[in-house]
Amino acid sequence: MAPKFQGVDFYDVDGLLSEEERAVRDTVRAWVDDNLIPIIGEHYVEGKFPKHLVPQMAELGLFGANLPEEYGCAGLNNVAYGLIMQELERGDSGVRSFASVQGALVMYPIHAFGSEEQKRRWLPRMASGEVIGCFGLTEPDYGSNPAAMITVAKGTKDGWLLNGAKMWITNGSTASVAIVWAKTGKLDDVESIRGFIVPADTKGFSAKDQKGKLSLRASDTSELVLQDVCLPKDAILPKSGGLKSPLSCLTQARYGIAWGAVGAAMACYDEAVGYAKSRVMFGKPIGGFQLQQARLAEMLTEITKAQLLCLQLGRLKDQGKVTPQQVSLAKRNNVDIATEVAREARRLLGANGILAEYQAMRHLANLESVYTYEGTHDIHTLILGQEITGLNAFN
Amino acid sequence: MKIAVCIKRVPDSETRVKIAPDGKSLDEAGVKFVLNPYDEFAVEEALRRKEQAGAGEVVIVCLGPAAAQETIRSALAMGADRGVLLQTDRIPADGFEVAKALAAELKDGGWDLILFGKMAIDDYNHQVGPMVAELLGLACVTAVAHLELAPGTGTAEREIEGGIEVVEFPLPAVLTTEKGLNEPRYPALKGIMAAKKKPLPTKPVALPPGGIEVLALLPPAERKDGRIVGEGPDAVAELVRLLREDAKVL
Ligand SMILES: Cc1cc2nc3c(=O)[nH]c(=O)nc-3n(C[C@H](O)[C@H](O)[C@H](O)COP(=O)(O)OP(=O)(O)OC[C@H]3O[C@@H](n4cnc5c(N)ncnc54)[C@H](O)[C@@H]3O)c2cc1C
């Protein structure tokens, strides 16, 4: 059996966590060690999402874990939720993405913008993994600028008629329900963007697996086509309105990503340290050379800073004080440093670093997706730039 | 089914332990403590028995420092109903003193089963379970790897050198659990949240040191570098001689 992951904790961040927060982290950590780590390399190479793990993840309570117990969720605070994301992504960004989409991008909007009836109908079945969801915002021609989307929902006498296409949709082919964002008014009316609950078996809805990915290979990414999809009146999320609704979902997911990236970085650092101590070249372990020590020192420094960033972000979120811009800063920084850590770990491992048997290159390739989705690194730079200067540099 | 499970808080087998300046205890700074892995089998077995019976209670009993409440709560998070901490800062090295304290706590409980791990991974004593059984006048089966229960009686399998021993015993009984008995569950997140609300009284106890004193803790000898004796069939004779005379393993 592979050795158990011991974590990376140079600043006793553990001491800042509550007993429950640590217990949650330890449960997910052990589950990842036992069930995800042994199989992920193979699934990655084969380009398959490890779907057989979904019931176990549900059993542990990982989906929508920060939503209330009355809807079948675990009712955890946001720090514990973040730690779950950290540990899942320590295993693989694709598996963390699955949980992020299910919880932050599908369950969250149903909880935030749905009717009581919608919440009762969907949330418990999503927490239990019986229903898998996906989130369709991005379109083939509108990525960083979702305000310009051209998917439309027309009011009809007994409901809605949806037409359009969505692209890069995580869980798209696996999902039995999609949250689709569409304009209910004119194409220049951003305020008319609303969310719709679309069961995947609705006539006119189809999902197609996107082939040829070199990143996030253990995750399902699909294109959705909506061709004259008829939905009943109550398919709309009644409290959604304007682009700010999907953006608030993204803030939830980005929050989890900020934590998740730290997990990926910890995995790479841990692997690099072990390798540096055991790989002998020129008569001594490569960890005994200054160049490799500099690599490791840099990694540990960035990981430690990112951990503290996440924790304070989580505490602010639990106090209801967090701003989307603060989340942007953490997503931007942590994914960036994690990518850097993964790259340096891969290099430290020499030729072994390119193998699926090791983790660094898989994490590195994954993190390139994470760098791009949920607002690219650049877009978060612009969000921060606008926050600092009050000036919009998007267009 | 009313089942007591006695558990111990032990250092995680994967943490690197350091010996404290007194030379006879562990330096606990930075050491991660966990529920003794063999006790996990006991907790899991108790939960399954209660679930199968459809009714009953699983009670966790632990002797240890205040911090062991966290260890008890991890068993409560798995699903046990309540816990008791017999609180002491120093667990005596003499297992008999521990057994007496546990037996006093357990004696009037009306248990159908009292479960222990077969040993604690910190002191490897294998003692406390059987001693408690003796003190309570109950049958005891150690290192149980398979268990069947019927009204008033049970059958246990023990893995012994070269075979399996099948033992029948009357209930109530004390059993100690071996790896392989079951696959312990992960504490689910809801269980972790629920554990906070379960009863966990602490009872201070003062235990005498008993008849055993730890004089010193020593790290194992540094492993010497390996050595290549030679190559091919010619080296075999020398290798065998060294294994026999130097290493004394043959
Ligand atoms: C694996 C994966 C999974 C995904 N899952 C989902 C999902 O589940 N649901 C969903 O809706 N979407 C999903 N996405 C889509 C993702 O959110 C978009 O890819 C992302 O928003 C970027 O859009 P784009 O790819 O069209 O890039 P573009 O917007 O075309 O950007 C291209 C480049 O231009 C830069 N750029 C864009 N605008 C500006 C500007 N104003 N100033 C400076 N630079 C700019 C970008 O930073 C980037 O470098 C996923 C993507 C990937 C890769």
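Criteria and thresholds
- Throughout, residues of each chain are indexed from 1 in the direction in which the sequence is written.
- Working convention: letters from A go to chains and numbers from 1 go to ligands, in the order in which they are written.
- Per-residue local features are limited, in this predicted model, to residues with pLDDT of at least 70; the limit for side-chain atom pairs, both in listing and counting, is 80 or more; totals at the level of whole chains, interfaces and linings are taken over all residues.
- By definition, a residue lies near a molecule or strand provided its backbone-derived C-beta atom is within 6 Å of it.
- Per the convention used, a helix needs a DSSP run of H or I reaching at least four residues, while a strand needs a run of E reaching at least two, with both numbered from the N terminus.
- Only Asp, Glu, Lys and Arg are considered charged in this grouping, and only Ala, Val, Leu, Ile, Met, Phe, Trp, Tyr, Cys and Pro are considered nonpolar; every other residue, Gly among them, is considered polar.
- Domain limits in this description derive from either an automatic procedure or a database domain assignment.
- Axis angles are defined between N-to-C directions and span 0 to 180 degrees, where every axis is a line fitted to C-alpha atoms and, for a helix, only to the segment in contact.
- The cut-offs work like this: below 35 degrees is roughly parallel, past 145 is roughly antiparallel, 65 to 115 is roughly perpendicular, and the gaps in between are oblique.
- For any pair of crossing helices, the crossing counts as left-handed if the nearer helix is rotated counterclockwise from the farther one by less than a right angle, and right-handed if it is rotated clockwise.
- Contact between two residues is assigned when their C-beta atoms, built from the backbone, lie within 7 Å.
- Buried Ala, Val, Leu, Ile, Met, Phe, Trp, Tyr and Cys residues whose C-beta atoms connect them within 7 Å together make up a nonpolar core.
- Counting other C-beta atoms within 10 Å of a residue's own tells you its class, since 20 or more makes it buried, 12 or fewer makes it exposed, and anything in between is partly exposed; those C-beta atoms are placed from the backbone.
- Note on pairing: DSSP must find at least two bridges between two strands before they are called paired.

Enquirer: Any chance you could explain the site of the ligand here in plain terms?
Expert: Residues and elements named next belong to chain A. Surrounding the ligand, one finds 21 residues, the nearest of these being Leu137, Thr138, Gly143, Ser144 and Asp378. When contributions to the shell around the ligand are tallied by element, the ones reaching two or more residues are strand S1 (133-136), strand S3 (159-170), helix H9 (360-372) and helix H10 (377-389). Counted by class, the shell around the ligand contains 10 nonpolar, 9 polar and 2 charged residues. Looking at which domains feed residues into the shell around the ligand, each of domain 2 (133-235) and domain 3 (244-389) supplies at least three.

Enquirer: Explain the packing of helix H6 (residues 244-278) of chain A against helix H7 (residues 290-318) of chain A to me, please; I cannot follow it from the model alone.
Expert: Helix packing geometry: the angle between the two helix axes and the distance between the axes. Residue and element names in this part refer to chain A. Between H6 and H7, the least distance of the axes is 9 Å, while the angle of their chain directions is 155°. The angle between the axes of H6 and H7 places the two elements in the roughly antiparallel class. For H6 against H7, the interelement crossing comes out left-handed. Mapping the contact onto sequence places Tyr255, Ala258, Trp259, Val262, Ala265, Met266, Tyr269, Ala272, Val273 and Ala276 in H6 and Gln292, Leu296, Met299, Leu300, Ile303, Ala306, Gln307, Cys310, Leu313 and Lys317 in H7. Class assignment for the residues of the contact of H6 with H7 results in 17 nonpolar, 2 polar and 1 charged.

Enquirer: Quick question: what am I supposed to make of the domain arrangement of chain A here?
Expert: The accessible area lost on association of the parts is a frequent measure of interface size. Residues and elements named next belong to chain A. Domain parsing of chain A yields domain 1 (13-127), domain 2 (133-235) and domain 3 (244-389). If you average the C-alpha positions of domain 2 and of domain 3, the two centres end up 30 Å apart. Opposite the 10 residues of domain 2 that make contact, domain 3 presents 9 residues. Class assignment for the residues of the side of domain 2 that touches domain 3 results in 7 nonpolar, 3 polar and no charged.

Enquirer: Which parts of the structure should I look at to understand the nonpolar core?
Expert: As a rule of thumb, nonpolar side chains are buried together in soluble globular proteins. Counting residues in each nonpolar core, the largest one holds 179 residues, and the members touching the most others are Phe196 and Ala265 of chain A together with Val5, Leu102 and Val132 of chain B. It is H6 of chain A that provides the largest number of residues to this core, a total of 18 residues.

Enquirer: In this structure, what is going on with the pairing of strand S1 (residues 2-7) of chain B? I would like to understand it.
Expert: Regular strands show a simple pattern: their side chains alternate between the two faces of the sheet. Residue and element names in this part refer to chain B. Extensive coverage of S1 is indicated by the burial of 5 of its 6 residues. Pairing of S1 with strand S6 (residues 57-64) involves 6 bridges; the strand directions are parallel. Counterpart to Cys6 in the pairing with S6 is Val61. As paired strands, S1 and strand S8 (residues 113-117) are joined by 4 bridges and run parallel to one another.

Enquirer: Whenever I open this one, the pairing of S3 of chain A confuses me. Can you help?
Expert: Residues and elements named next belong to chain A. As paired strands, strand S2 (residues 152-155) and S3 are joined by 4 bridges and run antiparallel to one another. Paired with Ala153 across the bridge in S3 is Leu162. Once S2 ends, the chain turns through 3 residues before running back antiparallel as S3. Of the strand pairs in this sheet, S3 and strand S7 (residues 221-232) are connected by 9 bridges, and their pairing is antiparallel. The partner of Leu161 across the bridge, within S7, is Cys230.

Enquirer: Explanation requested: the environment of Pro219 of chain B in the structure shown.
Expert: By secondary structure assignment, the location of Pro219 of chain B is in the loop between strand S13 (202-204) and helix H6 (236-245). Between the C-alpha atoms of Pro219 of chain B and Val17 of chain B, which are 202 residues apart in sequence, the distance is 9.4 Å.

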